[in-house]
Amino acid sequence: GEPGSGKTHVVNLFVAWLKENGVRPAVTASTGIAATHIGGYTLHSWSGIGVRSVLTSADLDRIERNRRTVGRMRDAYVLIIDEVSMLSAPVFEMAEAVCRRVRGSSAPFGGMQVVLVGDFFQLPPVAPRELRDEQGGLFEGRTRSGEDLFAFASPLWSSLRMTPCYLLEQYRQEDAVFLEALSAVRRGAVTAAHRALLESRFRAVQEPGRGTTQLFSHNADVDRVNGGELKKLPGKELNFEMTGRGPKALVAELKRGCLSPEKLALKI
């Protein structure tokens, strides 16, 4: 479904229904932020593969000796993976291989029912640095070698014999004309009429920033502007530093998925 069609809401209702009926689900997502929205794990941490780009037989042996990972994997009947567009084919395959090994079944994902949620018109897979192009980004989800990174490019995808379900209602936008423009951008089908509609909202601003919302493609630019505005405010600056405890790898993974900075400066 498109953004605003209620995918996360449906997942949360489905999870509640499963639990009410005594079915234990494994709730995961491709990123830490998405996992917090559905009260789950990242697929990487749930499956025990962590940040690996390849999975060796030694890795499988180590994961199989982890009682916590084995326990939650064997207890689960349904595996939910949210934001599947950002899940690369290699990670998809590694997680599946772990499930087969731990659950002792040759069936895909060790026989669990798999529910994949997302929108492939949105963000592409997150790729390890060695699989990215020279600019450090992805071009249409492909590596510089031409290998397709999207999960649906994996042979595993078709072996799951999934039933697609589309959410067609829109709950985030009520303006039909604006919604059509957003859908056109999503599909890559922008017409002259859509462009004219967007340009009709253009206003020249003499002093950007004064009461005008600014959008940036990189967080560094956002932080620069916000930091400059913070300095202009009167009063004492209060600084707060993030604290953490627990296994280093898990703490590092939580920090990567956290929107808050490790050092936060505020003024009244």
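Given the structure is predicted, the values throughout are model-derived calculations rather than measurements.

A. How the structure looks around the sheet that holds strand β4 (residues 113–116). Strand order across the open sheet formed by four strands is β2-β1-β3-β4, with parallel pairing between neighbours. Of all the strands in the sheet, the pair left with one neighbour each is β2 (41–42) and β4. Sheet analysis places strand β1 (residues 25–29) next to strand β3 (residues 78–82), joined by five bridges and oriented parallel. In the strand pairing of β3, Val27 is matched with Ile80. Across the sheet, helix α1 (residues 7–20) lies against β1, β3 and β4, angled at about 165 degrees from β3, the strand it touches most.

B. Structural detail: helix α8 (residues 176–187). Spanning twelve residues, α8 covers 16 Å between terminal C-alpha atoms, matching the ideal 16 Å at 1.5 Å per step. Buried within α8 are the following residues: Ala181, Ser183 and Ala184. Axial view of α8: buried residues confined to an arc of 165 degrees, hence all on one face. Contact partners of the buried residues in α8: α9 (192–199). The backbone nitrogen of Val177 lies 3.1 Å from a side-chain oxygen of the residue at the head of α8, namely Asp175. Just downstream of α8, Gly188 is the residue with a positive phi angle, here 70 degrees.

C. Summary view of unusual backbone geometry. Of note, the phi angle at Glu83 is positive, near 50 degrees, even though the residue is not glycine. Here Glu83 is to be found in the loop between β3 and α6 (89–103). Classification of Glu83 as partly exposed rests on a relative accessible area of 26%.

D. Inspection of α6 at higher detail. Here α6 spans 21 Å end to end across 15 residues, near enough to the 21 Å set by a 1.5 Å rise per residue. Taken across its 15 residues, α6 has eleven buried, putting it largely inside the fold. Among the residues of α6, Ala89, Pro90, Val91, Phe92, Met94, Ala95, Glu96, Ala97, Val98, Cys99 and Val102 are the ones counted as buried. Contacts from the buried residues of α6 go to α3 (43–47), α4 (57–64), α5 (67–75), β4 and α7 (155–159).

E. Main features of a nonpolar patch on the surface. Side chains of Phe178, Leu182, Val185, Val190 and Leu198 sit close together on the surface and give an oily, nonpolar patch of about 390 Å² of accessible area. A per-element tally of the nonpolar patch places α8 first, with three residues. Looking at the secondary structure, you find Leu182 in helix α8. Classification of Leu182 by relative accessible area gives partly exposed; the value is 37%.

F. Summary view of the packing of aromatic side chains. Going through the model one piece at a time under the given rule, you end up with eight aromatic pairs. Each ring, one from Phe150 and one from Phe152, has its centre 5.3 Å from the other, and the planes form 5 degrees; the classification is stacked. Using a relative accessible area of 12% as the deciding quantity, one classes Phe150 as buried. Ring geometry for Phe152 versus Trp157: centroids 6.4 Å apart, planes at 80 degrees, classification edge-to-face. Each residue in the set Phe92, Phe109, Phe120, Phe150, Phe152 and Trp157 is aromatic and connected to the rest through ring pairs, giving one cluster. The lysine or arginine in question, Arg72, covers the ring of Tyr41, its NZ or CZ lying 4.9 Å from the ring centre.

G. Examining the nonpolar core more closely. With 27 residues, the main nonpolar core has Trp46, Leu79, Leu87, Phe92, Val98, Phe109 and Leu116 as its most contacted residues. When residues of this core are traced back to their parent elements, those giving at least two are α3, α4, α5, β3, α6 and β4. Counting residues per element, this core draws most heavily on α6, at seven residues. Leave out the neighbours within four places in its chain, and Leu79 touches Ala26, Thr28, Trp46, Phe109, Met112, Gln113, Val114 and Val115.

H. Fine view of the confidence of the model for the protein chain. Averaged over every residue, the pLDDT of the protein chain is 86; the share at 70 or more is 90%. Mean pLDDT values for the elements of the protein chain range from 74 in helix α2 (residues 32–37) up to 96 in β4. Throughout residues 133–140 the model reports pLDDT below 50, and contacts reaching past four residues in sequence, or to other chains, amount to eleven contacts.

Thresholds, definitions, all that
Residues numbered from 1 in each chain as written. Predicted model: local features only at pLDDT ≥ 70, side-chain atom pairs only at ≥ 80, totals over all residues. Heavy atoms only, no water. Pairing = 2+ DSSP bridges. Helix = DSSP H or I, 4+ residues; strand = E, 2+ residues; numbered from the N terminus. Contact = heavy atoms within 4.5 Å. Axes fitted to C-alpha atoms, helices over the stretch in contact; angles between N-to-C directions. Expected span 1.5 Å × (residues − 1). Buried < 20%, exposed > 50% of the residue type's maximum accessible area, 1.4 Å probe, protein only. Arc of directions from axis to C-beta. Polar contact = N/O pair within 3.5 Å; in protein donor to acceptor, adjacent residues only side chain to side chain. Patch = residues over 30% accessible without salt bridge, like charges linked within 9 Å, V, L, I, M, F, W, Y side chains within 5 Å. Areas by Shrake-Rupley, 256 points an atom, 1.4 Å probe, with all protein chains shown as cover. Salt bridge = Lys/Arg side-chain N within 4 Å of Asp/Glu carboxyl O. Phe/Tyr/Trp six-rings, centres within 6.5 Å; stacked < 30°, edge-to-face > 60°. Lys NZ or Arg CZ within 6 Å of the ring centre and 35° of its normal. Core = buried A, V, L, I, M, F, W, Y, C linked by side-chain atoms within 4.5 Å. pLDDT = per-residue confidence, 0-100.

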